[in-house]
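Architecture and fold: a report
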Amino acid sequence: MIAYPNVKLNLGLHVLRRREDGYHDLDTLFVPYLDLHDTLEIITGDDYSRTSAHLQETYAGAQLAQGITPDGKLMITLARKEGVDWDPLKDLTARAYGLLAEQYKLPPMKIYLEKTSPVGAGLGGGSSDAAFALRMIAELAGLGLSDAELAALAARLGSDCAFFIYNRPMLGSGRGEILEPFDIDLSGYRVEVTVPEDIAVSTADAYRGIIPQEREEPLREILSRPVEEWKGLLVNDFETTVFAKYPRLAEIKQSLYDAGAVYAAMSGSGSALFAIYRK
């Protein structure tokens, strides 16, 4: 079974308050962005893999990493042009298998993940991989789980993982796991994403500089305005602290407006920025 986990963009990202559990209450609109994605194949037992040979031929050395669980029930292979600098068995796709295995009897499986979407750019690529893996593993094991059941499991893997179970525009609240469908029409626009290669933003650092605050105008009301009115109203709260540390991101955002964007913003805690243009 092969899928192509896509990334997401945040239209608005308000940090409202710090919670007693150490997380923050957020208000955001998650929107799928299909032009950036990974390739994920999961097979059972010794079934034929279309991806395995490609990864072996294309990647080598630190670009390719593999792990096998102590019980031998899961083998995972990760590939990434920039190199794999994390333990494959701690990848969110492997954790998705382990989470399901805690509750259900799963057959042995092999995971092949080719990472081509940016890592650590505020686009949720790892969360997407996890959500897609949950669905694929559940289908291969014949578990018959609903979207709501999968989303509840996904939320245990990461705050924005649940969104990718639905993979359509959703208002996110709580720490991002409370979701509500939201209709938004961007058919008259094109969206482009820019990821600076030499800037990596730590989410923890981005949060340290945040001063939570309630908003006078609810996010859903701002989003209901024409896109041309979003500039200055639809805000990503992380931009203040992240741009202060990485001024070039602010320069890139301005360059997007200079190039004709009707709206531009950072996604998540960065460093990716996106621009919306009239077609």
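This text follows the structure it describes.
A few points on the structure.

So, how was this worked out
Residues numbered from 1 in each chain as written. Predicted model: local features only at pLDDT ≥ 70, side-chain atom pairs only at ≥ 80, totals over all residues. Heavy atoms only, no water. Helix = DSSP H or I, 4+ residues; strand = E, 2+ residues; numbered from the N terminus. Buried < 20%, exposed > 50% of the residue type's maximum accessible area, 1.4 Å probe, protein only. Contact = heavy atoms within 4.5 Å. Lys, Arg positive; Asp, Glu negative; His and termini not counted. Charge placed at Lys NZ, Arg CZ, Asp CG, Glu CD. Salt bridge = Lys/Arg side-chain N within 4 Å of Asp/Glu carboxyl O. Pairing = 2+ DSSP bridges. Axes fitted to C-alpha atoms, helices over the stretch in contact; angles between N-to-C directions. Phe/Tyr/Trp six-rings, centres within 6.5 Å; stacked < 30°, edge-to-face > 60°. Lys NZ or Arg CZ within 6 Å of the ring centre and 35° of its normal.

Turning our eyes to something else, we now look at the overall build of the chain. Regarding its fold elements, the chain presents nine helices and twelve strands. For the C-alpha atoms alone, the extent of the chain along its principal axes is close to 55 × 35 × 35 Å. The buried share among the 279 residues of the chain stands at 50%. By sequence separation, contacts in the chain at least 24 residues apart represent 67% of the contacts at least 6 residues apart. In the chain, the 28 positive side-chain charges and the 40 negative ones have mean positions that sit 1 Å from each other.

Take the pattern of salt bridges next. Enumeration over the complete set of coordinates arrives at 18 salt bridges. For glutamate 102, the salt bridge goes to arginine 156, with nearest N and O atoms at 3.7 Å. You can see glutamate 102 sitting in helix H2 (residues 92-103) and its partner arginine 156 sitting in helix H4 (residues 147-157), a full 54 residues away along the chain. When the shortest N-O distance is used, the salt bridge between glutamate 228 and arginine 278 registers 3.0 Å. Residue glutamate 228 is located in the loop between helix H7 (219-223) and helix H8 (238-245), and its partner arginine 278 is located in strand E12 (residues 273-278); the two are separated by 50 residues in the primary sequence. Taking relative accessible area as the criterion, glutamate 228 reaches 37% and is therefore assigned partly exposed. Residue class for arginine 278 comes out partly exposed when judged on its relative accessible area of 48%. Taken together, the shared-partner salt bridges connect Arg17, Asp25 and Glu214 into one network.

Pairing in this open sheet of five strands is mixed, and the strands run E1-E4-E7-E6-E5 from one edge to the other. Here the strands that pair on one side only, and so sit at the sheet edges, are strand E1 (2-3) and strand E5 (64-68). Packed on one face of the sheet, helix H3 (residues 125-140) meets E1, strand E4 (39-44) and strand E7 (109-115) and runs near 25° to E4.

What follows covers the packing of aromatic side chains. A ring pair, where both rings are aromatic, is described by two values, the distance of the centres and the angle of the planes. This structure, assessed with the given rule, holds five aromatic pairs. For the ring pair tyrosine 263 and phenylalanine 274, a centre distance of 6.2 Å and an interplane angle of 55° mean the geometry is tilted. Note that tyrosine 263 is positioned in strand E11 (residues 263-266) and phenylalanine 274 in strand E12, a separation of eleven residues in sequence. Judged by its relative accessible area of 1%, tyrosine 263 is buried. Owing to a relative accessible area of 1%, phenylalanine 274 belongs among the buried residues under this scheme. Through successive ring pairs, a cluster of aromatic residues spans Phe30, Phe163 and Phe164. For the cation-ring pair, arginine 190 lies above tyrosine 277, with the distance from its terminal atom to the ring centre recorded as 4.4 Å. The ring of tyrosine 257 carries lysine 231 above its face, with NZ or CZ at 4.0 Å from the centroid.

None of this, on its own, says anything about what the molecule does.
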